Amino acid sequence: MCARRRELPYREGDIFAVPLRDGEGYALGVVARMDGRGKLLGYFFGPRVKTPQEASVISPLASQNAIYVALLGDLGFIENEWPIVSHIEAWKADEWPMPKFRREEDRVVSYNEITLEEEGEERADPAYCAQLPGGGLAGSGYVELVLTQLI
């Protein structure tokens with residue numbers, strides 16, 4: 001017997017609020033990709049908002065303005081700690097590209113845009129690697145900590 005896939009509480013293009021660990025508000029995120037099994041690509045933004053409802057008055061979000069990009073698990077959504085506050089109505093995935101990620105100081109990792117699985121790794125100049133987001137799958141708590149430090 002096959003296991004039933006659960007209905008996920010988010011979709012590509014959703015804007016969500018991430019509680020900051022210092023208790024001083026929220027950062028915003030956008031679901032840019034999802035594999036349907038609990039892994040997603042998120043783009044994250046400042047400035048802090050005091051409540052999730054304030055997200056509706058934030059100017060339009062754009063991938064190039066993200067302060068953090070990560071592959072992450074969806075526990076924050078499943079445990080209802082990361083509320084969906086809006087949706088990008090004219091969602092275009094190609095405006096939210098799958099970046100390359102850094103692994104160690106001289107390695108670049110590529111991921112598949114659909115499955116979010118690793119496709120390859122290659123050596124690269126450390127200066128180039130330093131400009132890339134860190135690779136690996138981040139947990140929701142880790143994302144909250146990083147965003148708290150960034151904003």
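Preceding this section is the structure that the text describes.
Since the structure is predicted, the reported quantities are computational estimates derived from the model, not experimental observations. (Residues numbered from 1 in each chain as written. Predicted model: local features only at pLDDT ≥ 70, side-chain atom pairs only at ≥ 80, totals over all residues. Heavy atoms only, no water.)

Caption draft 1: Molecular detail of the environment of Gln 53. Relative to the helices and strands, Gln 53 is located in the loop between β3 (39–49) and β4 (68–73). Taking relative accessible area as the criterion, Gln 53 reaches 60% and is therefore assigned exposed. Note: C-alpha distance between Gln 53 and Phe 16 (37 residues apart in sequence) is 10 Å. (Helix = DSSP H or I, 4+ residues; strand = E, 2+ residues; numbered from the N terminus. Buried < 20%, exposed > 50% of the residue type's maximum accessible area, 1.4 Å probe, protein only.)

Caption draft 2: Fine view of the pattern of salt bridges. Considering all chains together, one arrives at 11 salt bridges under this definition. Arg 37 is the partner of Glu 117 in a salt bridge, and the nearest nitrogen-oxygen pair spans 3.7 Å. Taken as a pair, Glu 117 in the loop between β7 (107–111) and β8 (118–123) and Arg 37 in the loop between β2 (26–34) and β3 lie far apart in primary sequence, 80 residues in all. A residue is classified by how much of its surface remains accessible, and Glu 117, at 37% relative accessible area, is partly exposed. Glu 121 is the salt-bridge partner of Arg 103, the closest N and O atoms lying 2.4 Å from each other. Of this pair, Arg 103 sits in strand β6 (residues 101–103) while Glu 121 sits in strand β8; the two residues are 18 residues apart in sequence, bridging distant segments of the chain. The exposure class of Arg 103 is partly exposed, given its relative accessible area of 28%. What you see here is one network of salt bridges that share partners, running through Asp 35, Arg 37, Lys 39 and Glu 117. (Salt bridge = Lys/Arg side-chain N within 4 Å of Asp/Glu carboxyl O.)

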